[in-house]
Amino acid sequence: MIKVAVVIVTYNRVNLLEKTINAVLRQTVNPEIVYIINNASTDNTIEICEKILCLSNIKISIIDKKINDGGSGGFADGLENFLQNDEVDYCWMMDDDVEPDADCLENLLAYTSFSDFIHPSRYYEDRSEQGWRQVYMPSLGYSVSLKYSNDYDVYATNVGCFEGCLISKKIVNELGIPFRDFFIAEDDTLYGFLASFSTPVLLVNKAKVKRLIKPNNKIPAWKIFYIIRNKIWMLKIIYRKEFLGKINYFTNIYGLLLFSIFIMKSNKFNGFFEIIKGIKDGIFKKPDILKK
């Protein structure tokens, strides 16, 4: 029987976190352990987590961090704990703003004989679907959304999403821990892309996760910097690993230019300086993996 560890990364969203944890504890297939990675929250996250821990018949481990190093740092910590636990085989990863349906884990586990990297589909409170079904295009430097029919149970992709994905220990041992210095954005996209060279990366229609926040089209200015910088870092890492040979730099520049224009338009032309800073840091700075 496959045993699962759950990793939930949280920062200052205790009301949403409670819903996430309770949804995990209501699964038709119980996880072996739940790791809650607290990214130095300043609200009463620890108090609420300890209260849930006392009432739960499933083991809960609270990792209380002293600094907030973003989603990428939180998930890296979670996967490190997962690797050190010899009693579990797969890690189910999620943010603190999702609520998996009661049979979500069961439906994901149904495909573990086919894949080591499996995603649920995601929807909002109003039952509208989150348009996540994407494929990463390294020749452009960003992901494109694909149109799928809901007539099929499972689809193939080549990107990761840490909002509900189920990953085997085999893949984590092969790829290593996700890249901490991404802080936020694109760390999971890259992780799934690298995994796609070793296993089919799947999206399962019947496995569903509810997003508790429906975002508007505007991206916060501070986040634009990380998105642009990390997309450039992704390309550097892909070149380094030489999965696809030397991808044409001109198509990358053209693709990132189009993506930057799209962000500017979506944000009503706010965030211009964050895009410039992201391009500068992406080109002239290196993530830790490229410094070795």
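Residues numbered from 1 in each chain as written. Predicted model: local features only at pLDDT ≥ 70, side-chain atom pairs only at ≥ 80, totals over all residues. Heavy atoms only, no water.

1. A closer look at the side chain of Thr45
Part 1: Within the secondary structure, Thr45 sits in helix 2 (residues 45-55).
Part 2: At 2.5 Å, the side chain of Thr45 and the side chain of Asp43 are in polar contact.
Part 3: Once residues within four sequence positions are removed from consideration, Thr45 is found in contact with Thr10, Asn12, Val14, Leu17 and Asn38. (Helix = DSSP H or I, 4+ residues; strand = E, 2+ residues; numbered from the N terminus. Polar contact = N/O pair within 3.5 Å; in protein donor to acceptor, adjacent residues only side chain to side chain. Contact = heavy atoms within 4.5 Å.)

2. What to know about the nonpolar core
Part 1: One finds Ile8, Val34, Trp92 and Leu166 to be the most contacted residues of the largest nonpolar core, which totals 30 residues.
Part 2: Taken together, the elements giving at least two residues each to this core come down to strand 1 (4-10), helix 1 (14-25), strand 2 (33-38), helix 2, strand 4 (90-95), helix 4 (104-109) and strand 11 (201-211).
Part 3: Once residues lying within four places of it in the same chain are set aside, the contact partners of Leu166 are Val4, Tyr90, Cys91, Trp92, Leu105, Leu108, Leu109, Thr112, Asp116, Phe117 and Ile118.
Part 4: Of all hydrophobic cores here, the second largest spans 24 residues; its members include Val159, Phe179, Met234 and Phe259. (Core = buried A, V, L, I, M, F, W, Y, C linked by side-chain atoms within 4.5 Å. Buried < 20%, exposed > 50% of the residue type's maximum accessible area, 1.4 Å probe, protein only.)

3. Quick notes on the packing of aromatic side chains
Part 1: One pass over the full model with this rule turns up 11 aromatic pairs.
Part 2: Measuring from centroid to centroid gives 4.9 Å for Phe225 and Tyr226, while their planes differ by 70 degrees, and the two rings are edge-to-face.
Part 3: Classification of Tyr226 by relative accessible area gives buried; the value is 18%.
Part 4: The rings of Phe75, Phe117, Phe162 and Tyr191 are connected pair by pair, giving a single aromatic cluster.
Part 5: Sitting above the plane of the Phe225 ring, Lys277 keeps its charged end 4.1 Å from the centroid. (Phe/Tyr/Trp six-rings, centres within 6.5 Å; stacked < 30°, edge-to-face > 60°. Lys NZ or Arg CZ within 6 Å of the ring centre and 35° of its normal.)

4. Digging into the pairing of strand 6 (residues 117-124)
Here is the key point about a regular strand: its side chains alternate between the two faces of the sheet.
Part 1: Most of strand 6 sits inside the fold, with 8 of its 8 residues counted as buried.
Part 2: Two strands pair when backbone bridges link them, and strand 6 and strand 10 (residues 166-168) are joined in this way by 2 bridges, in the antiparallel orientation. Looking at the pairing, Ile118 lines up with Leu166 of strand 10.
Part 3: Pairing of strand 6 with strand 11 involves 8 bridges; the strand directions are parallel. (Pairing = 2+ DSSP bridges.)

5. Thoughts on helix 9 (residues 272-284)
Part 1: With 13 residues, helix 9 ought to run about 18 Å at 1.5 Å a step, and its terminal C-alpha atoms sit 19 Å apart, in line with that.
Part 2: Among all positions of helix 9, only Ile275, Gly278, Asp281 and Gly282 are buried. The buried residues of helix 9 occupy an angular sector of 135 degrees when the element is viewed end-on, so they sit on one face. Of the residues in helix 9, the exposed ones pointing more than 90 degrees away from the buried face are Phe273, Lys280 and Phe284. (Expected span 1.5 Å × (residues − 1). Arc of directions from axis to C-beta.)

6. Observations regarding the environment of Gln130
Part 1: On the secondary structure map, Gln130 appears in the loop between strand 6 and strand 7 (134-137).
Part 2: By relative accessible area, Gln130 is classed as buried at 15%.
Part 3: Among residues more than four places away in sequence, those in contact with Gln130 are Arg122, Tyr123, Tyr124, Glu163 and Arg211.

7. Re the confidence of the model for the chain
Part 1: Within the chain, residue pLDDT values average 87, and 89% of them lie at 70 or more.
Part 2: Of all the helices and strands in the chain, helix 8 (residues 249-266) carries the lowest mean pLDDT, 66, while strand 10 carries the highest, 98. (pLDDT = per-residue confidence, 0-100.)

8. Focus on the pattern of salt bridges
Part 1: Taken as a whole and judged by the stated rule, the model has 18 salt bridges.
Part 2: Arg180 is the salt-bridge partner of Asp69, the closest N and O atoms lying 3.7 Å from each other. One end of the pair, Asp69, is in the loop between strand 3 (59-64) and helix 3 (70-84); the other, Arg180, is in the loop between helix 5 (169-175) and helix 6 (187-195), with 111 residues separating them in the sequence.
Part 3: Sharing partners across several salt bridges, the network here consists of Arg13, Asp96, Asp97, Arg122, Glu163 and Arg211. (Salt bridge = Lys/Arg side-chain N within 4 Å of Asp/Glu carboxyl O.)

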